Structure formats: C-alpha cells, structure tokens
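The residues making up each chain are set out below.
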Amino acid sequence: MKRWLFTLVLVVSLLASQTISASAAPLADGGITLREARNDTYGNVIFVFNFTGDFSKSDFKGGVVFFGDERFPLDCNIVEEGVVQCTTSRAVGGQNVVINLAGFVFWTFVPERAAPVVTAPSEYCYDVYNSQTDESEEDFFWVPVDVHCQDTPAADGDTIEYDSWLYEFWSIISDGYCGTNGNNESGFFQACLF
C-alpha cells in the first residue's frame, strides 16, 4: 500500500509542476519533446529529446527517471543543435517510466534490451597454396601461404581470386600439376599460367 501511495503522490506532484507530453508542441519560450526511447544491445537505456529555446548544458543536469518507487539519474549531453541525448540504468528496460528533465515531465515505455545479432563464423576453411622451388631451383612444391574460409564446402575445380591470381580447389593435387610435385592436402592451388 505504501508503494502505491508513494507512486500516486509522486505522479501528482510531477503533474503539479510544468507538464508536457511526449508529443506535445513546444512552448512559446522553449520546450522539450521526447523523440525516442531505446535500449541498446551493448549500451544503456537512451532517451533522445528535441528542444527549442535557450537551454544550456546545465539545464539538462539533474534529470530523473521514475519507475515505481525507484529513482534513476539521467546523464544528458547536447549532441547537436536542438537535440539532447540522455542515458540511464538498464533497470528501467521493459517498463513504463516517468521522466523529469529540465522541469518537463514525460511518460513513455522503455523497450526490452535488444538481443545481440550473432553471425555464425564461416565453417569451411582451406589452405591457399603457391608453387615454390627448392634451393637448387629444380623441384617445385606447394607451400601454404594463407587460409581461405567460406560458408559452403568447396568442390574440385572451384576457383577464388587471391592476391590478384586465380586459385583452384583440389581435394588432392597430383604430381605434375603446373609442373609441381603432388600434394595430398586439399586446398586452393595457384592455377597454371599455361
């Protein structure tokens, strides 16, 4: 009962002060309107307000968000001409709240925290091979120089471009391919130039 009574007294006292709804037109000597309430995935609860008139940075100090009998401070910054952005605790997420900012009162709903977007990593990764010679410059062999990942499995003959060259996928590379010794590893091999 005390909580309900406290909330009622709080709302009545806020109504007694200068009141403006989120969609009301600004007053002749300046006003504030609530443009957006959001709950960022990796940030805080954010309220964005438009304002007209001669408001200074200090006018936006001391703002408060009320939820039930809880009280949370607002941290506000003017982000551009006529726009102030305020953050508050995540505890108000998914709730109807009352905001008191620079003598103006707003009622709004704060959405639940947005879920993070998870992207699955590429599942299929293959070595990228270049043909290189030994010290005597007589035998050529395949040397892995990088890794290429993609969302689908590679099939023999698939091509990619790597470092401005064409590479072909082979499950097993036989002796003599591009004049190079064979390799029983699968991967993308530098395509023959002839």
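Residues numbered from 1 in each chain as written. Predicted model: local features only at pLDDT ≥ 70, side-chain atom pairs only at ≥ 80, totals over all residues. Heavy atoms only, no water.

> Whenever I open this one, the confidence of the model for the chain confuses me. Can you help?
Do not read the fine detail of predicted coordinates wherever pLDDT is low. Averaged over all residues, the pLDDT of the chain equals 81, while 81% of them reach at least 70. pLDDT under 50 marks residues 15-28. Its contacts with residues more than four places away, or in other chains, come to 24 contacts. (pLDDT = per-residue confidence, 0-100. Contact = heavy atoms within 4.5 Å.)

> Help me understand the side chain of threonine 88 in this model?
Mapped onto the elements, threonine 88 comes out in strand β6 (residues 83-88). Judged by its relative accessible area of 5%, threonine 88 falls in the buried class. For threonine 88, the side chain forms a polar contact with the main-chain oxygen of proline 73, separated by 2.9 Å. In this structure, threonine 88 is in contact with Asn44, Val45, Phe47, Val65, Phe72, Pro73 and Leu74, ignoring residues within four places of it in sequence. (Helix = DSSP H or I, 4+ residues; strand = E, 2+ residues; numbered from the N terminus. Buried < 20%, exposed > 50% of the residue type's maximum accessible area, 1.4 Å probe, protein only. Polar contact = N/O pair within 3.5 Å; in protein donor to acceptor, adjacent residues only side chain to side chain.)

> Explanation requested: the sheet that holds strand β3 (residues 64-67) in the structure shown.
To summarise the sheet geometry, strands pair through backbone hydrogen bonds and adopt either a parallel or an antiparallel arrangement. The antiparallel open sheet is built from four strands, whose spatial order is β4-β3-β7-β8. Sheet topology places β4 (70-73) and β8 (104-109) at the edges, where each strand pairs with a single neighbour. Direction aside, neighbouring strands of the sheet carry axes that sit 25° apart on average. Taken together, the four bridges between β3 and β4 define a ladder with antiparallel strand orientation. Looking across to β4, one finds that valine 64 is bridged to proline 73. (Pairing = 2+ DSSP bridges. Axes fitted to C-alpha atoms, helices over the stretch in contact; angles between N-to-C directions.)

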